Amino acid sequence: MKNKTLKKIVIILIAILVIELIYFGIKYIKVRKESTYYSAINSTIKVNDKYVSVGLSDFKHSKFNKYKALGYNKATLFVYDKNLKLIKEKYLDLGLVSEYKDIVKVEDGYIAVGYVLMDEKSKKDNLTEAVIVKYDNNFNIVWRKNLNILDTSKFNKVKVDKAGNYVVVGTSVYAPNIIGGAIIVKYDKNGEILSKINLGGPQTGEFNDLVITNDGYVVVGLKATGTGAIYKYSFDGKELWHNYYGITDKEGLTSIKMLSDGSFIVTGSKLEEKNKTDNYEAALIKFDKNGKLVKNIVYQKEDITKFTCVETYKDKILVIGLYGVKKNNLLVNNSVLVTYNNNLEKQDEKIYKGNNTYTLKNIFVSDDEYVLSGHTNSKLKDIKTNGKDYYNVIIKNS
């Protein structure tokens, strides 16, 4: 009798265990289907016969690193061979969440810049610290410096000046990101700060990109909501001139390239009204060497269109644009590469489109080719994706 009772109890326990396994299995599958995993490229450079990109990843689909956790992305270096096969993936083991926004090659290695969320409180309140990291030629960290002037700081772009110093632009704002200021920070080769320039702080502002001229820095970004800005500073931080452009979206002016005559080509967006953010055009603007607006053209592919990156290739001007519509207050976009001549006359365009989003972020140009990079969650023929999660995109053209 006792054996029969014990057998029944065991059978019941096994049944309960099986039911629980089925329940949690179904729950796991549901969570997996509803979750989105990320890997993305923000910037790419070519070094010898390799391509080095920076961005972020949670490594869900990585062959090189273990998956972290949903929403815990890490600033990552991606190294591709000449055939664009990923051969190395190295992340910044710092804090909880991080992202690299830009990278540049220097004489003895690389400089990567971005931001990091150091702990759970920082993650909850989005209190980022700007970060700059020096790597050697084998991608080992030489030094790292965090910068947090105000509550929330990040670096967007980095360039190297003639003396070999590292000039970085970004923002440092008070939480919850209502007031703050755009920043330019210059570091020496050992990571020590040589100078800081702040625009407007504590006023809204952010610098997105820069060029270094023979007598100073020309930077573009956002002065205040809806007001794009271009500034020129001397090397010792004195403002030489500025100009404004608007109405723009929340990013302001997004990138800048200096032409051989000393003029500047700048990208951004143009809105009819400050709060009309569901329909606007991409903007391509030319300023002369003194900051005077010379020419302004607009381009619209769909309801929302914006230009995000500009480069020159041979005798052409290449511009990346994002276009799409808002769904549930989020932009569902594809990308377009538009080619202009030096008079800003449109020559050609090429569409990069998928069934979900297809976002190109960066153009790298060399003498004989240009490389586009970004990310996508579309199901694409030539890229291994699943149509749900975000994967790196890198495309070589000649």
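The shown structure was predicted, so the numbers you read here are calculated from the model rather than taken from an experiment.

Engineer: Could you give me a rundown of the overall build of the protein chain, with the residues and numbers involved?
Structural biologist: Secondary structure summary: the protein chain contains two helices and 27 strands in total. For the protein chain, buried positions account for 51% of its 398 residues. Within the protein chain, residue pairs in contact and separated by at least 24 positions form 45% of the contacts whose partners lie at least 6 positions apart.

Engineer: Which residues make up empty space enclosed by the protein, and what values do they have?
Structural biologist: Over the atoms, a rolling probe the size of a water molecule traces out where space has been left empty. Within this structure, the stated rule accounts for one cavity of 30 Å³ or more. Quantified by volume, the largest cavity comes out at close to 30 Å³. Together, Val-167, Ile-184, Val-185, Lys-186, Ser-195, Ile-197 and Tyr-217 line the largest cavity. Listed by contribution, the elements that provide at least two residues to the lining of the largest cavity are strand E11 (179-187) and strand E12 (193-199).

Engineer: Can you tell me about the side chain of Ser-43, naming the residues and giving the values?
Structural biologist: With respect to the helices, strands and loops of the structure, Ser-43 is situated in strand E1 (residues 39-47). Polar side-chain contacts of Ser-43 include one of 2.8 Å to the side chain of Asp-102. Ignoring sequence-local partners within four residues, the contact set of Ser-43 consists of Val-52, Ser-53, Val-54, Lys-101, Asp-102, Ile-103, Asn-362 and Ser-373.

Engineer: Any details on the sheet that holds strand E14 (residues 217-224)? Residues and values, ideally.
Structural biologist: As summarised here, the arrangement of the four strands in space is E13-E14-E15-E16, forming an open sheet in which the pairing is antiparallel. For this open sheet the edge positions go to strand E13 (206-212) and strand E16 (239-246), each flanked by a neighbour on one side alone. Strand-to-strand twist of the sheet, defined as the mean angle between neighbouring strand axes without regard to direction, takes the value 20°. Bridge count for strand E15 (residues 227-233) against E16 is seven bridges, and the pairing is antiparallel. Bridged to Tyr-233 within E16 is Glu-239.

Engineer: Provide a residue-level description of the side chain of Ser-269, including the pertinent values.
Structural biologist: Relative to the assigned elements, Ser-269 resides in strand E18 (residues 264-270). Within the local environment of Ser-269, its side chain forms a polar contact with the backbone nitrogen of Asp-249, the two atoms lying 3.0 Å apart.

Engineer: Pulling in residues and values, what's your account of the nonpolar core?
Structural biologist: Among the nonpolar cores identified, the biggest contains 25 residues, and Val-52, Leu-77, Tyr-100 and Tyr-110 are the most heavily contacted of them. Among the elements of the structure, E1, strand E2 (50-57), strand E3 (74-80), strand E5 (97-106), strand E6 (109-117) and strand E7 (129-135) are those that each provide at least two residues to this core. Considering each element in turn, this core owes the most residues, five residues, to E3.

Engineer: Can you explain the pairing of strand E22 (residues 316-327)? Please cite residues and give values.
Structural biologist: With nine bridges joining them, strand E21 (residues 304-313) and E22 adopt antiparallel strand pairing. Along E22, the bridge assignment pairs Thr-305 with Tyr-323. The turn linking E21 back onto E22 is made up of two residues, and Lys-314 within it adopts a positive phi angle of 60°.

Engineer: I'd love a proper account of the packing of aromatic side chains, names of residues and values included.
Structural biologist: Counted under the stated rule, the structure contains 17 aromatic pairs. Ring plane angle 85° and centroid distance 6.3 Å describe the contact between Phe-155 and Tyr-187, whose orientation is recorded as edge-to-face. With Phe-155 in strand E9 (residues 152-160) and Tyr-187 in strand E11, the pair connects residues that are 32 residues apart, well separated along the chain. Residue Tyr-187 is classed as buried on the basis of its relative accessible area, which comes to 1%. Each ring, one from Trp-241 and one from Phe-264, has its centre 6.3 Å from the other, and the planes form 50°; the classification is tilted. Of this pair, Trp-241 sits in strand E16 while Phe-264 is found in strand E18, placing the two residues 23 residues apart along the sequence. A network of ring pairs unites the aromatic residues Phe-207, Tyr-231, Tyr-233 and Tyr-244 as a single cluster.

So, how was this worked out
- Residues numbered from 1 in each chain as written.
- Predicted model: local features only at pLDDT ≥ 70, side-chain atom pairs only at ≥ 80, totals over all residues.
- Heavy atoms only, no water.
- Helix = DSSP H or I, 4+ residues; strand = E, 2+ residues; numbered from the N terminus.
- Buried < 20%, exposed > 50% of the residue type's maximum accessible area, 1.4 Å probe, protein only.
- Contact = heavy atoms within 4.5 Å.
- 1 Å grid on protein atoms, 1.4 Å probe; cavity = no way out; pocket = protein on both sides within 12 Å on 5 of 7 lines; lining within 4 Å.
- Points joined across faces, edges and corners; volume = space filled by probe spheres on them.
- Polar contact = N/O pair within 3.5 Å; in protein donor to acceptor, adjacent residues only side chain to side chain.
- Pairing = 2+ DSSP bridges.
- Axes fitted to C-alpha atoms, helices over the stretch in contact; angles between N-to-C directions.
- Core = buried A, V, L, I, M, F, W, Y, C linked by side-chain atoms within 4.5 Å.
- Phe/Tyr/Trp six-rings, centres within 6.5 Å; stacked < 30°, edge-to-face > 60°.

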